[in-house]
Amino acid sequence: MRISYQPKGVCSRQMNIDVEDGVIQNLEVIGGCNGNLKGISALVKGMKVEDAISRMEGIRCGFKSTSCPDQIAQALKQAL
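Attention in this report is confined to the structure presented alongside it. This one's a predicted model, so the numbers in the text were calculated from it and none came from an experiment.

When strand β2 (residues 12–20) meets strand β3 (residues 23–31), the two strands line up antiparallel, connected through 8 bridges. In the sheet register, Glu20 faces β3, and the bridge partner there is Val23. In sequence, β2 turns back onto β3 through a hairpin of 2 residues, with Asp21 there showing a positive phi of about 55°.

Spelled out as structure tokens, the structure:
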């Protein structure tokens, strides 16, 4: 299943996530902090959706009420 998600309240503009059998196969983030998001993408590859959500949900960026990791978690909730 491919999830295409437009994040809210962050610098990134688009998140594309491939999930198969409850496991993240690929994460592509357009916009945002390129190096950090490439690192997050590499770390979540092969991770169970539930584990990724529990690790990233609620993370904040500075004074914002959300962050790119939190928005990835919100997108992954669509896979459940």
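That shown, we press on.
This brings us to unusual backbone geometry. Backbone phi values are negative for most residues with the exception of glycine, while trans is the configuration of most peptide bonds. Of note, the phi angle at Asp21 is positive, near 55°, even though the residue is not glycine. As for its position among the elements, Asp21 is in the loop between β2 and β3. A relative accessible area of 75% places Asp21 in the exposed class.

We now examine the state of the cysteines. A complete count under the given rule lists 0 disulfides for this structure. Here Cys11 stays free of any disulfide, with the sulfur of Cys33 as its closest cysteine sulfur at 6.0 Å. Take Cys11: its relative accessible area is 53%, and that puts it in the exposed class.

This next bit is on the sheet that holds β3. Strands sit in the order β1-β2-β3 across an open sheet of 3 strands; the sheet is antiparallel. A single partner strand is all that each edge strand has here, and the edge strands are β1 (2–5) and β3. Adjacent strand axes in the sheet meet at a mean angle of 15° when their direction is disregarded.

On to the pattern of salt bridges, then. In this structure the tally under the stated criterion is 3 salt bridges. As a salt-bridge pair, Arg2 and Asp18 come within 3.0 Å of each other at their nearest N and O atoms. Note that Arg2 is positioned in strand β1 and Asp18 in strand β2, a separation of 16 residues in sequence. Here Arg2 falls in the partly exposed class, since its relative accessible area comes to 47%. The partly exposed category is assigned to Asp18, whose relative accessible area is 22%. Put simply, Glu28 and Arg2 hold a salt bridge, and the shortest N to O gap is 3.8 Å.

Criteria and thresholds
Residues numbered from 1 in each chain as written. Predicted model: local features only at pLDDT ≥ 70, side-chain atom pairs only at ≥ 80, totals over all residues. Heavy atoms only, no water. Pairing = 2+ DSSP bridges. Helix = DSSP H or I, 4+ residues; strand = E, 2+ residues; numbered from the N terminus. Buried < 20%, exposed > 50% of the residue type's maximum accessible area, 1.4 Å probe, protein only. Disulfide = S-S within 2.5 Å. Axes fitted to C-alpha atoms, helices over the stretch in contact; angles between N-to-C directions. Salt bridge = Lys/Arg side-chain N within 4 Å of Asp/Glu carboxyl O.

Shape is all these values report; function is a separate question.
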